[in-house]
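Understanding the architecture of this molecule
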Amino acid sequence: MPLGRDPGALLSRSYELPAGPRVRLRLSRRTDLPGMRALLGQRGVEASDLELERLVRYDPRRRVVLCAMAPVSGAETVVGVGAIDLDAAAEPETIVVDERLTHGLGRLLAEALVQHALIHARRTA
């Protein structure tokens, strides 16, 4: 699953995973909050309201939060979420995925986030 260099290109296409539906990566937004809450609850990840807010309200110059969306039962559903601090850039700080539906999504999200951080580091160097 090699990713391109342009972060815009990363978010403008869908990805076929080794198993599961095609997913589309995009920047998270406020309307994703219920889907994120459901995903985290399903995976047994406890998150405070403040932690959830940080996933949908962030400074894109310092942090990137991506949602993985897939069609599930006829509706676009949050099947993964990942976040990375662009200034630290080493590894994603958060990756939660629905592995029942999306085998390989964790790796895809991690690669996309690290790619964003690398591009950010080059631009600010």
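Note that the structure is a prediction, hence the values are computed from the model and not measured.

**A word on the pattern of salt bridges**
Taken as a whole, this structure holds ten salt bridges when the rule is applied. Note that aspartate 32 and arginine 26 form a salt bridge whose closest N and O atoms lie 2.7 Å from each other.

**Topic: the side chain of histidine 120**
With respect to the element layout, histidine 120 can be found in helix 4 (residues 105–124). According to the relative accessible area criterion, histidine 120 is buried, its value standing at 15%. Ignoring any residue separated from it by four or fewer positions in sequence, one finds histidine 120 in contact with Arg61, Leu86 and Asp87.

**Considerations on helix 3 (residues 49–56)**
Counting along an α-helix, one turn takes 3.6 residues, and residues three or four places apart therefore face a common direction. Every buried residue of helix 3 is listed here: Leu52, Leu55 and Val56. What you see down the axis of helix 3 is that its buried residues fit within an arc of 90°, all on one side.

**Thoughts on the sheet that holds strand 1 (residues 14–15)**
The five strands are arranged 1-2-3-4-5 in an open sheet whose pairing can be described as antiparallel. Either end of the sheet is taken by a strand with one partner, and the two such strands are strand 1 and strand 5 (94–97). Relative to strand 4 (residues 75–85), strand 3 (residues 63–72) is paired through ten bridges, and the arrangement is antiparallel. Bridge pairing in strand 4 links alanine 68 to glycine 80. Against the sheet, helix 2 (residues 33–42) makes contact with strand 3, strand 4 and strand 5, and its axis sits at roughly 80° relative to strand 4, the strand it touches most. Its contacts with the sheet put helix 3 on strand 3 and strand 4, and the angle it makes with strand 3 is roughly 90°.

**Digging into the side chain of threonine 102**
Tracing the backbone through its elements, the reader meets threonine 102 in the loop between strand 5 and helix 4. Sequence-distant contacts of threonine 102, defined by excluding residues within four places in its chain, comprise Leu17, Ala19, Pro21, Val23, Val79 and Val97.

**What to know about the nonpolar core**
Counting residues in each nonpolar core, the largest one holds 18 residues, and the members touching the most others are Val23, Leu25, Leu105 and Leu108. Broken down by secondary-structure element, the contributors of at least two residues to this core are strand 2 (23–27), strand 3, strand 4 and helix 4. Counting residues in each nonpolar core, the second largest holds 14 residues, with Leu33, Val56, Val65 and Met69 among its members.

**Some details on the environment of tyrosine 58**
Checked against the element boundaries, tyrosine 58 lands in the loop between helix 3 and strand 3. Sequence spacing of tyrosine 58 and serine 28 is 30 residues, and the spatial spacing of their C-alpha atoms is 9.5 Å. Ignoring any residue separated from it by four or fewer positions in sequence, one finds tyrosine 58 in contact with Leu27, Ser28, Arg63, Val64 and Val65. A polar side-chain atom of tyrosine 58 sits 3.4 Å from the main-chain carbonyl oxygen of valine 65.

**As for unusual backbone geometry**
Here serine 73, not a glycine, exhibits a phi torsion of approximately 55°, which is positive. Mapped onto the secondary structure, serine 73 falls in the loop between strand 3 and strand 4.

Cut-offs used in this document
- Residues numbered from 1 in each chain as written.
- Predicted model: local features only at pLDDT ≥ 70, side-chain atom pairs only at ≥ 80, totals over all residues.
- Heavy atoms only, no water.
- Salt bridge = Lys/Arg side-chain N within 4 Å of Asp/Glu carboxyl O.
- Helix = DSSP H or I, 4+ residues; strand = E, 2+ residues; numbered from the N terminus.
- Buried < 20%, exposed > 50% of the residue type's maximum accessible area, 1.4 Å probe, protein only.
- Contact = heavy atoms within 4.5 Å.
- Arc of directions from axis to C-beta.
- Pairing = 2+ DSSP bridges.
- Axes fitted to C-alpha atoms, helices over the stretch in contact; angles between N-to-C directions.
- Core = buried A, V, L, I, M, F, W, Y, C linked by side-chain atoms within 4.5 Å.
- Polar contact = N/O pair within 3.5 Å; in protein donor to acceptor, adjacent residues only side chain to side chain.

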